[in-house]
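# Fold and geometry: a report
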Amino acid sequence: MATAANNDAHFVKCLSPVSAPGQSERTRFQRFEVSQSAQFELSVQHFGVGEFLPSSCRIHILPHSFITVAIMTSLDASGAHLSLASLRLGEVAANRQILFLPVLALLIYILYQRYVSPLSKVPGPFLASFTNLWWLSTVLKGEQHLDCLRLHREYGPFVRIGPNQVMIADPEAFKKIYGAGNNFQKSDFYKPFKAKLKWSLTAETDGHVHSQNRRMVSRPYSMDSIRSLEGFVEQVIEHFLEKMKPMTNRPFDLGEWLALFAIGNITEISFAKSFNYLDKGDADGILALSKVVFASANWVGVVPWVYRIHHLTSGWTGNWLGVTMRSIKFRALAQKKVQEHQLLQDENEDHKSILGYLQDLRRKKPDEFSEYAMTSALTSNIFAGSDTTAIALRAMIYNLLSHPLYLQRFLHELKERQMMGEISDPIRLHEAEAWPFLQAIMYESLRLHPPFAAPLPRVVPQGGLVAKDVFLPPGTVVGTNAWAIHRRPEIFGDNVDEFCPERWMDSATKSELQRYFFAFGGGARTCLGRNIVWLEMSKFLPTLFMHFDLKLVDPKAPMPVKNIFLAFQEGPYVIMTDKGGE
Ligand code: HEM
């Protein structure tokens, strides 16, 4: 009991800065003198204090747990008035106690993430080391293609952008992550894209399931099959040229038309039945919806738990996340076209749509390849192949028009090839492939402006990732942004920010550069539609310039870009003249 008396002295001093409204110093003093009892000590232990602290510690929160105990004892010893006053003090103390533990836990978490965790040695912004909210706020600004360049400049090729996430622009690590046969699977970032779909390619995170799915549908996307799609592209190009005639001799946004061309093209190739976008515009709102889906996926993927909450609650709340519309509206569109296609005559081998190929597959393997899977594959085509292609075409046209010397050279070679009878109208794929400068323009434009403008996140497998002197443990989410790897001087030279198609003209250098060309992703997850896009771009670009002269309305103005996972540009605003009318 002697110890208790000493402790009580501390307790009284400790209380004095805390004032109970309406109570005098003396009243408080008396009240707590009563509290020397066995029950009192027991209660202190209940709050984890264990033993009394020396008076020098009294500013800490621990003495307040002491106060809470005093209230309990004062109930036996004092009148109603005093008990009420003590109760107020007790509440203050209890609130502080409640706050204290989470604050302490948070502090420990922050210190651990920043100074102890396996990623603590990877440089990056302070906030990013312990919360994904920092990266989320960066993403929401809509400039992550520029932010990633700034971050790599500031912190080097490895930047920690989240507690468990590292953005990488190191060539050696890049090859390990995205190299063929490497076992880096897609991260949870992709889960919202998949939503409730039972079959997917782009969004499938299970590597085994993905490779089965991909093997099943890959034939129509192969180079061998691509030539039978050429006729579809020609139909859409010719229609586009017709639509451009009334647009001549006045400024207009060519970008909007390129978006209609791109979706018109991929739907024609996919379903052999145009959705007629070039005539009706975005009447069904699919292009507008696509932006909603990308913008939503862009941030939800950073905090995938938001999607999990949505998944659990959507039965009551409905679909309130834009990203889920991919598996609903885009799929519904594909479904409708699949049904319409059943009414079409059989296509022949020289003019067969992707749906035609997939229908053949279904006839051969009805048990392995369901109609559901087929519709999902076609949904991917619309979603993955519209905006991406439009962005690529915008970049190519803008780069050509804003570099008069390259434009001149391109037009000169075009004319020469026409005069030599080396190219048709519309140009054929093999003719375009044999034109190195055209190929170089396409590569260089996609190097400078890759449409996918976010790190493509993968999970480090067993064994971890070792590159340079950095070790990243299994489970770390790593990702490279094409904008960053495409601007590494050690790969592309010192003039990385310049539009310089020549860098792709030498075949030996070209194949080395292609190893780091990331516009179409890499490894097992490389773009399935890559050959199709190359077909579209190779045919469209020269054919457009065969028929029209184009110039930028304001040759010095850069194209504004908004990054919502894809780096969407505005424009280009052009004035076109019909060459046929000269
Ligand atoms: C310029 C146009 C295009 C670009 C820049 C592009 C780029 C990409 C990229 C970077 C990926 C990998 C995404 C990732 O790893 O998360 C990808 C995947 C994919 N792309 Fe494309 N794409 C384009 C056009 C197309 C077209 C026209 C189609 C359809 C015909 C298509 C279908 C797909 C599919 C199905 C995947 C998923 C592949 C898989 O995971 O196995 N893409 N694309």
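How each quantity is defined
Per-chain numbering applies: the sequence of each chain, read as written, is numbered from 1 onward. Where totals are concerned, whole chains, interfaces and linings use all residues; where local detail is concerned, this predicted model gives features only for residues with pLDDT of at least 70, and gives and counts side-chain atom pairs only at 80 or more. Hydrogens and water are ignored here; the side-chain numbers use all heavy atoms of the structure. UniProt positions are given in the numbering used here, feature names are shortened, and annotations may be inferred rather than shown by experiment. Strands qualify as paired when DSSP identifies two bridges or more between them. Helix and strand labels come from DSSP, where a helix needs a run of H or I of at least four residues and a strand needs a run of E of at least two; each type is numbered from the N terminus. Donor atoms: N, O and S within 2.8 Å of the metal, or within 3.2 Å for Na, K and Ca. Because water is excluded, sites can look incomplete. Classification of residues uses two cut-offs on accessible area relative to the type maximum, computed with a 1.4 Å probe and protein chains only: under 20% is buried, over 50% is exposed, and between them is partly exposed. Working rule for contacts: check all heavy atoms of both residues, and any pair within 4.5 Å makes them a contact. Classification of ring pairs rests on two measures: the distance between centres of Phe, Tyr or Trp rings, Trp counted by its six-membered ring, which must be within 6.5 Å, and the angle between planes, read as stacked under 30 degrees, edge-to-face over 60 and tilted in between. Look at NZ for Lys and CZ for Arg. If either is within 6 Å of the ring centre and within 35 degrees of the ring normal, a charge sits over the ring. Nearness is defined per residue: one heavy atom within 4 Å of the molecule or strand is enough. Any N or O atom pair separated by 3.5 Å or less is treated as a polar contact, with the protein-specific requirement of one donor-capable and one acceptor-capable atom, and with residues adjacent in sequence counted only for side-chain atom pairs. When residue character is reported, Ala, Val, Leu, Ile, Met, Phe, Trp, Tyr, Cys and Pro are called nonpolar, Asp, Glu, Lys and Arg charged, and the others, Gly included, polar.

An unreviewed UniProt entry lists the chain under the name Cytochrome P450 oxidoreductase, with Cladophialophora psammophila CBS 110553 as the source organism. Its UniProt record, at the heading Cofactor (unreviewed entry), says of the chain: "heme".

## Concerning the sheet that holds strand 3 (residues 185–186)
The strand order across the open sheet built from five strands is 1-2-8-5-3, with neighbouring strands paired in mixed fashion. Pairing within the sheet leaves two strands with one partner each, and these edge strands are strand 1 (158–162) and strand 3. Both strand 1 and strand 2 (residues 165–168) contribute to a ladder of four bridges, which runs antiparallel. In the sheet register, Gly-162 faces strand 2, and the bridge partner there is Gln-165.

## Side note on the coordination of the iron atom of the ligand
Of the protein atoms, Cys-527 (SG) alone serves as a donor to the iron atom of the ligand, at 2.3 Å. Along the chain, Cys-527 turns up in the loop between helix 26 (507–514) and helix 27 (530–547).

## Quick look at the UniProt feature "binding site: heme" (unreviewed entry) in the chain
The UniProt feature table records "binding site: heme" (unreviewed entry) at Cys-527. The class for Cys-527 is partly exposed, based on a relative accessible area of 28%. Not counting chain neighbours up to four residues away, the residues in contact with Cys-527 comprise Arg-214 and Phe-520.

## Digging into the packing of aromatic side chains
Applying the stated criterion across every chain, the model contains 29 aromatic pairs. Measuring from centroid to centroid gives 5.0 Å for Phe-174 and Phe-518, while their planes differ by 90°, and the two rings are edge-to-face. You can see Phe-174 sitting in helix 8 (residues 171–178) and its partner Phe-518 sitting in the loop between helix 26 and helix 27, a full 344 residues away along the chain. Arranged with centres 6.2 Å apart and planes meeting at 50°, the rings of Phe-492 and Trp-504 form a pair that is tilted. Within this pair, whereas Phe-492 is found in helix 25 (residues 489–492), its partner Trp-504 is found in the loop between helix 25 and helix 26, the two being separated by 12 residues in sequence. We classify Phe-492 as buried; its relative accessible area is 5%. In this structure an aromatic cluster arises from ring pairing among Phe-189, Tyr-190, Phe-193, Phe-294, Phe-330, Phe-383, Phe-452 and Phe-565. In this structure, Lys-352 packs its charged tip against the face of Tyr-357, placed 5.5 Å from the ring centre. Positioned above the aromatic ring of Phe-492 is the side chain of Arg-447, whose terminal nitrogen or guanidinium carbon lies 5.5 Å from the ring centre.

## Considerations on the pairing of strand 1
The element strand 1 is extensively covered by neighbouring structure, given that five of its five residues are classed as buried. Connecting strand 1 to the next strand, strand 2, in antiparallel fashion are two residues.

## Side note on the site of the ligand
Inspection of the region around the ligand gives 28 residues, with Tyr-190, His-210, Arg-214, Arg-458 and Cys-527 positioned closest. At a separation of 2.6 Å, an oxygen atom of the ligand approaches a polar side-chain atom of Tyr-190. Between the ligand and Arg-458 there is a distance of 2.8 Å, counted from an oxygen atom to a side-chain nitrogen or oxygen. The residue inventory of the shell around the ligand, partitioned by class, reads 15 nonpolar, nine polar and four charged.

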